[in-house]
Structure formats: C-alpha cells, structure tokens
Amino acid sequence: MIHVVIVRDPVVFGLIQKQTEAKKVPLPNLPYQIFSQGNVRIIGGYEVPVEQVLASVIEELNPDTVFFLSESLPVSDEKLSGDIVLPNVFFPYNPEIEATEIGKDNTHSLLSHPFFLEHYPIQGDYDFESFGLSVGGIHVSGEWNTEIEDFRLRLRVVYENDTFDPELYQLIEVAKKQGIIEKMYPVAYIWTEDKALGARNLWSIVQFIIGSIDPDLIPEEETEKEESTEEWIDGKEGE
C-alpha cells in the first residue's frame, strides 16, 4: 500500500521530514516536494492550490490513503494548543452568520452541504502526556473574521464544531467529486509554540492510523503497545 501525507505548513513539513529521515524523491516538474519513508510519501513545499496538489498526487502516485495535516484554530473551549482532531463531519463556513441574530430557531437554516467520513465508528477523546486526541468531530472551513468579537461563539452556536481552517472542507469536496473520499484522512491540529514537539505528536498519530490500516508498517517497538490498544479505524479491534 502507498500512503500519502500532505503537510500544509512548510515548517511542520520540514520538521517531519527531518524527524523521519525521509529521503527526497527526484520527480521533476511537480508543484510540490516528495520525501519517501518506506511506503509513505510526505508531500509539502507547494504554492499552488491544494486541489491541484491532490489531483497530481492521485495521478502520479495512485495512493491507497491520503492524509492532509492542516493547522487549525480551536472553536471548542475543550481544544487546546497542541491538540489533534480527526474530524469526520465537515461544513463550509456560511458568512450569513456574521449578520444574523442567531437563535435556536434559525441555526439549522444556516447549515448546508455537509460531508461525512465513516473511518471512525469508535469515537472519543484521548489524553496523552503532551496533547489531547479527538477521534471524530465537526470541522468548518472558511475565512476567520477577526473583526467580529463574538465570531468564535457564533461558530460554536451554529456548527458546534471543534476546529476551523481554510482548506479541509474544499479538500474533501474535491475528493468526493473524484470518487476518492474513502481514501481521505484529514487531520486538524491546533497551533503550538513548540512546533517540533507538535510535529512529533502529529507524526505519532499518523503512524498509528497508517499502522491500523496497514499492519505491516507498524514499527516493531510499537507492536506490543498497539496490540493492547482498541482499534478505532474502520471498526477493527485488536486481537
């Protein structure tokens, strides 16, 4: 199996490449860089729209899974710096919430065109030493309005979402049109000042998910720990 990890932030991309000691793949005439570690391809360093990157990745690499790591803003009060969310519900941001008096009678009218992923039938929150992980959650994509003082509150009331970023919804929308939504694993992570630690935490979660999908890639030193952990990917359970 081939697993692709697209990293939106160039700093995090560089940190993951160094931490994994992935080797650069010399493929010319592509609008992004590719580094390889086993069956995993780490992609970043692009300046074109992510939709173009996704289309090219599908054509060039024909991956079995596509992860997209996107730095996101916390909307829920429970999401803190360094936390990681694996959303399974995606909404586009509706600018009408900025000029509408929001109440319980009109919130549903402001919601439209959601997308759903079915990767995580077992959902929940997990505490690690340096970050929290949420499996499942609601994510909204759009442009954050810094001029509205209660913008975050309005998002919570309308969407009840955990995280917000510019691109994840659009990525899932393109994947849906291309018929590859089942390959997509979006990852929303909250900005942390210690980006090196954040990148390590991100990569540990990505490795865990890939290992749950493709057990041959689980590092030997992780095997004992993984066997004692309930699988929440596609409903599988550890034996």
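The structure this text deals with has already been given above.
Quick look at the structure, then. (Residues numbered from 1 in each chain as written. Predicted model: local features only at pLDDT ≥ 70, side-chain atom pairs only at ≥ 80, totals over all residues. Heavy atoms only, no water.)

**Digging into the environment of Asp-165**
Move 1: Here Asp-165 is to be found in strand β12 (residues 163-165).
Move 2: What makes Asp-165 buried here is its relative accessible area of 1%.
Move 3: For the pair formed by Asp-165 and Ile-190, sequence separation is 25 residues and the distance between their alpha carbons is 10.0 Å.
Move 4: Ignoring any residue separated from it by four or fewer positions in sequence, one finds Asp-165 in contact with Arg-8, Ser-70, Glu-71, Ser-72, His-139, Val-140, Ser-141 and Gly-142.
Move 5: Polar side-chain contacts of Asp-165 include one of 2.5 Å to the side chain of Ser-70. (Helix = DSSP H or I, 4+ residues; strand = E, 2+ residues; numbered from the N terminus. Buried < 20%, exposed > 50% of the residue type's maximum accessible area, 1.4 Å probe, protein only. Contact = heavy atoms within 4.5 Å. Polar contact = N/O pair within 3.5 Å; in protein donor to acceptor, adjacent residues only side chain to side chain.)

**Remarks on the pairing of strand β13 (residues 184-190)**
Move 1: Burial within β13 is extensive, with seven of its seven residues counted as buried.
Move 2: Neither face of β13 is exposed, since Met-184, Pro-186, Ala-188 and Ile-190 on one face and Tyr-185, Val-187 and Tyr-189 on the opposite face are all buried.
Move 3: Sheet topology note: the strand β5 (residues 65-74)/β13 ladder contains seven bridges and is parallel. If you follow Phe-68 over to β13, its bridge partner there is Pro-186.
Move 4: Pairing between strand β6 (residues 84-86) and β13: two bridges, direction antiparallel. The residue bridging Val-85 from the neighbouring strand is Ala-188, located in β13. (Pairing = 2+ DSSP bridges.)

Limitation: the analysis is restricted to geometry and does not speak to function.
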